Amino acid sequence: MSGKTIVLDANILIRAVLGTRVRELIFNNAGAVNFFAPDVAYDDARKHLPGLLTKRGIDAGVAMLLLDRLENVVKIIEVEVYR
């Protein structure tokens, strides 16, 4: 991997689940860019996604699995690191 690093927030994680463009950008560039997100970003995404999914009529189970899959590419940064 290169020295390029991008830190994502909860909004971007949610966009990666709800849409295709952000998700494709992440997965297509995973070999060239290190992606990270604070643990609270994942917590916030897990908190807000169910309501957004219900409004859009999207199966929450499948979507939440996708968020879990993102953790393989967008690594979690624990609070002890960024405190």
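Just above, that's the structure.
In this convention, every chain numbers its residues from 1, walking through the sequence in written order. With pLDDT at 70 or above as the cut-off, local features in this predicted model cover only qualifying residues; side-chain atom pairs require 80 or more to be listed or tallied, and sums for whole chains, interfaces and linings still use all residues. Here the side-chain values reflect all heavy atoms present in the structure, with hydrogen atoms and water set aside.

A word on the sheet that holds strand β1 (residues 5-7)
Part 1 of the argument: One open sheet holds the three strands; their spatial order is β1-β2-β3, and the pairing between them is parallel. At either end of the open sheet lies a strand with only one pairing partner, and these are β1 and β3 (74-77). Within this sheet the neighbouring strands show an average axis-to-axis angle of 30°, counted without direction.
Part 2 of the argument: With three bridges joining them, β1 and strand β2 (residues 34-38) adopt parallel strand pairing. What sits directly across from Ile6, in β2, is Phe35. Two strands form a pair only when DSSP identifies at least two bridges running between them. Secondary structure elements are taken from DSSP: a helix is a run of H or I of four residues or more, a strand is a run of E of two residues or more, and numbering for both begins at the N terminus. Convention adopted: a line fitted to C-alpha atoms gives each axis, helices being fitted over their contacting stretch, and angles between N-to-C directions are expressed from 0 to 180 degrees.

Quick word on the packing of helix α1 (residues 10-18) against helix α4 (residues 60-70)
Two quantities define a packed helix pair, namely the angle between the axes and the distance from one axis to the other.
Part 1 of the argument: Interhelical geometry of α1 versus α4 gives an angle of 125° and a closest axis separation of 9 Å. Between α1 and α4, the interaxial angle falls into the category oblique. Where α1 crosses over α4, the two elements pack in a sense that is right-handed. Across the interface between the two elements, Leu13, Ala16 and Val17 of α1 pack against Ala63, Leu66, Leu67 and Leu70 of α4.
Part 2 of the argument: For the contact of α1 with α4, a count of residues per class yields seven nonpolar, no polar and no charged. For classification purposes, an angle smaller than 35 degrees is called roughly parallel, one larger than 145 roughly antiparallel, one from 65 to 115 roughly perpendicular, and anything else oblique. When the near helix sits turned anticlockwise from the far one by under a right angle, the crossing is termed left-handed; a clockwise turn instead gives a right-handed crossing. Throughout, a contact is declared for two residues whenever any of their heavy atoms are within 4.5 Å. Classes in brief: Ala, Val, Leu, Ile, Met, Phe, Trp, Tyr, Cys and Pro nonpolar; Asp, Glu, Lys and Arg charged; the others, Gly included, polar.

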